[in-house]
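Survey of secondary and tertiary structure
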Amino acid sequence: MTKGEEEQPKNQDGDGSSHEIFGESSSQKLPEIEARFCNGSVFFKIHCEKQKGVIVKITSAIENMNLAVANTSVSPFGTLAHDVTITAEMEKDFDMIVEDIVNGLRLALQTA
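Residues numbered from 1 in each chain as written. Predicted model: local features only at pLDDT ≥ 70, side-chain atom pairs only at ≥ 80, totals over all residues. Heavy atoms only, no water.

With respect to burial, strand 4 (residues 32-38) is a largely interior element, five of its seven residues being buried. Alignment of strand 4 against strand 5 (residues 41-49), held across seven bridges, turns out to be antiparallel. Across the sheet, residue cysteine 38 finds its bridge partner in strand 5, namely serine 41. Hairpin connection between strand 4 and strand 5: a loop of two residues separates the two successive antiparallel strands, and asparagine 39 in this loop has a positive phi of roughly 50°. (Buried < 20%, exposed > 50% of the residue type's maximum accessible area, 1.4 Å probe, protein only. Helix = DSSP H or I, 4+ residues; strand = E, 2+ residues; numbered from the N terminus. Pairing = 2+ DSSP bridges.)

Set out below in structure tokens:
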């Protein structure tokens, strides 16, 4: 699969499915964003530039999508970037597709 393509749903022991979409290729500018659905949760992996307040922008954007952040991990990647991993639970009013989530996060990071 190449970046920017959506993977078809795949069963995981019959109790859930997963979708994924990637951001721009590594030869282009950051951010790189991956999101997956599984059993009422959304898993995010984000590689973005280090900027003041960027983690707050990411978590705020996720919470504005009717997702409740359950866990966040941030690791430095060199001196200029962050590797961010977030697990969020879908709230009752959640009704988005993975492409919309990724586009919303990308927009939030562009205004960071």
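This brings us to the side chain of histidine 47. Examined against the element boundaries, histidine 47 turns out to sit in strand 5. A distance of 3.0 Å separates the side chain of histidine 47 from the side chain of aspartate 83, its partner in a polar contact. (Polar contact = N/O pair within 3.5 Å; in protein donor to acceptor, adjacent residues only side chain to side chain.)

Take the nonpolar core next. The nonpolar side chains of a soluble globular protein tend to be buried with one another. Ranked by internal contacts, the top residues of the largest apolar core, which has 23 residues, are Phe44, Ile46, Ile58, Ile62, Leu67 and Leu105. Listing elements by their share of this core, those giving two or more residues are strand 4, strand 5, helix 1 (54-63), strand 7 (81-90) and helix 2 (98-110). The element that contributes the greatest number of residues to this core is helix 2, accounting for six residues. If we skip the residues at most four places from it in the chain, phenylalanine 44 touches Glu34, Ala35, Ile62, Leu67, Val84, Thr85, Ile86, Ala88, Ile101 and Leu105. (Core = buried A, V, L, I, M, F, W, Y, C linked by side-chain atoms within 4.5 Å. Contact = heavy atoms within 4.5 Å.)

Time to look at the confidence of the model for the protein chain. On average, the protein chain scores 82 in pLDDT, and the residues at 70 or more come to 74%. Looking across the protein chain, the model is least confident in strand 1 (residues 10-11), with a mean pLDDT of 35, and most confident in strand 7, with 97. Under a pLDDT of 50 for its full length, residues 1-15 has, in the predicted model, 31 contacts with residues more than four places off or in other chains. Note on residues 23-27: pLDDT is under 50 here. Beyond four places in sequence and across chains, it has 14 contacts. (pLDDT = per-residue confidence, 0-100.)

The phi dihedral of asparagine 39 is positive, around 50°, even though this residue is not glycine. When you line up the elements, asparagine 39 lands in the loop between strand 4 and strand 5. Asparagine 39 sits in the partly exposed class, given a relative accessible area of 47%.

Now for the packing of aromatic side chains. One pass over the full model with this rule turns up one aromatic pair. The interplanar angle of 85° and the centroid separation of 5.9 Å between the aromatic rings of phenylalanine 37 and phenylalanine 94 together place this pair among those described as edge-to-face. Within this pair, whereas phenylalanine 37 is found in strand 4, its partner phenylalanine 94 is found in the loop between strand 7 and helix 2, the two being separated by 57 residues in sequence. Classification of phenylalanine 37 as buried rests on a relative accessible area of 12%. (Phe/Tyr/Trp six-rings, centres within 6.5 Å; stacked < 30°, edge-to-face > 60°.)

Let's shift gears to the packing of helix 1 against helix 2. Contact pair helix 1 / helix 2: the axes reach a minimum separation of 9 Å and the direction vectors enclose 145°. For the crossing formed where helix 1 meets helix 2, the hand is right-handed. Of helix 2, the residues touching helix 1 (which contributes Val54, Lys57, Ile58, Ala61 and Ile62) are Leu105, Ala108 and Leu109. Along the lines of polarity and charge, the residues of the contact of helix 1 with helix 2 split into seven nonpolar, no polar and one charged. (Axes fitted to C-alpha atoms, helices over the stretch in contact; angles between N-to-C directions. Left-handed = near helix turned anticlockwise from the far one by under 90°. Nonpolar A, V, L, I, M, F, W, Y, C, P; charged D, E, K, R; others polar.)

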